[in-house]
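This is what each chain is made of:
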Amino acid sequence: MENLKKAYIAGGCFWGMEDLFRVQPGVVDTVVGYIGGDNENPTYENHPGHAEGIEITYDDRATSYKAILDYFFRIHDPSTIDRQGNDRGSSYRSALFIKNEQEKSDADEIIKIVDDSKRWPDPVVTTLEPFKKFWPAEEYHQDYLVKHPNGYTCHFERFGTFL
């Protein structure tokens, strides 16, 4: 099991991101939840400062953190502050929750590649925040678009790979 790693990301409503990541090669599991905020045991109704995020468990023999980030920057707009589609507010910010120096280095490298590509209209505003704790969201949010296939999402693949 030492080949299993976890990545923590946020990029708008967690439903759409989870739905796209769940089927990516090497992704073993996804859980939606709250991360980067001010209170313990956050809920949908009370999560001040938390982003709607995803815990991605992946097999590093089949994919990499850089590949996760590459896909992340292709399925949401990382050039908008606190906004994705119709969703607005810090809950919908673009953020990476960094656990170690290697993740920070990889994130910096991928952000530079994304910025240099000029595929987005403005520079990347994705924040790099220290990972503290991830709080799983309520059960009705888990696998939401599987349960409600016509539910709202603003996430979709916009480009080919940056790598």
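A short tour of the structure in this document, coming up. (Residues numbered from 1 in each chain as written. Predicted model: local features only at pLDDT ≥ 70, side-chain atom pairs only at ≥ 80, totals over all residues. Heavy atoms only, no water.)

Digging into the pattern of salt bridges
- Applying the stated criterion across every chain, the model contains 13 salt bridges.
- Residue Arg74 is joined to Asp70 by a salt bridge in which the shortest nitrogen-to-oxygen separation is 3.1 Å. Here the residue Arg74 and the residue Asp70 both occupy positions in helix H2 (residues 65-75), the gap between them amounting to four residues, near one helical turn. Asp70 matches Arg74 in its accessibility class, with the two residues each being buried. (Salt bridge = Lys/Arg side-chain N within 4 Å of Asp/Glu carboxyl O. Helix = DSSP H or I, 4+ residues; strand = E, 2+ residues; numbered from the N terminus. Buried < 20%, exposed > 50% of the residue type's maximum accessible area, 1.4 Å probe, protein only.)

Examining the packing of helix H1 (residues 14-21) against H2
- As a packed pair, H1 and H2 sit with axes 11 Å apart at the nearest point and diverge in direction by 130°. By the criterion of interaxial angle, the relationship of H1 to H2 is oblique. In this structure, H1 meets H2 at a crossing whose hand is right-handed. Between H1 and H2, the residues in contact are Met17, Leu20 and Phe21 and Ile68, Tyr71, Phe72 and Ile75, respectively.
- Class assignment of the residues belonging to the contact of H1 with H2 gives a composition of seven nonpolar, no polar and no charged. (Axes fitted to C-alpha atoms, helices over the stretch in contact; angles between N-to-C directions. Parallel < 35°, antiparallel > 145°, perpendicular 65-115°, else oblique. Left-handed = near helix turned anticlockwise from the far one by under 90°. Contact = heavy atoms within 4.5 Å. Nonpolar A, V, L, I, M, F, W, Y, C, P; charged D, E, K, R; others polar.)

Things to note about the pairing of strand E7 (residues 127-130)
- Where strand E6 (residues 94-98) meets E7, four bridges bridge the pair, whose relative direction is parallel. Note on E7: the bridge partner recorded for Leu96 is Leu128.
- Tracing the backbone out of E6, into helix H3 (residues 101-117) and back to the parallel element E7 gives a crossover that is right-handed. (Pairing = 2+ DSSP bridges. Right-handed = clockwise from strand over helix to strand, strands pointing away.)

So, the sheet that holds E6
- Taking strand neighbours across the sheet as the criterion, the six strands line up as E7-E6-E1-E3-E2-E8 in an open arrangement whose pairing is mixed. The open sheet has two free edges, formed respectively by E7 and strand E8 (134-136), since each of these has just one partner strand. Taking each pair of neighbouring strands and ignoring which way they run, the sheet shows an average axis angle of 40°.
- Where strand E2 (residues 27-35) meets E8, three bridges bridge the pair, whose relative direction is antiparallel. Counted as the bridge partner of Gly33 is Pro136 from E8.

A look at the packing of aromatic side chains
- Scanning the model with the defined rule gives eight aromatic pairs in all.
- With centroids separated by 4.9 Å and ring planes inclined at 75°, the aromatic side chains of Phe72 and Phe73 adopt a geometry described as edge-to-face.
- Overall, the relative accessible area of 0% leaves Phe73 in the buried class.
- What links up through ring pairs into an aromatic cluster is the set Tyr8, Phe131 and Phe134.
- One Lys or Arg, Lys133, reaches over the ring of Trp135 and ends 4.6 Å from the middle of that ring.
- Positioned over the ring face of Phe156 is Arg158, at 4.0 Å from the centre of the ring. (Phe/Tyr/Trp six-rings, centres within 6.5 Å; stacked < 30°, edge-to-face > 60°. Lys NZ or Arg CZ within 6 Å of the ring centre and 35° of its normal.)

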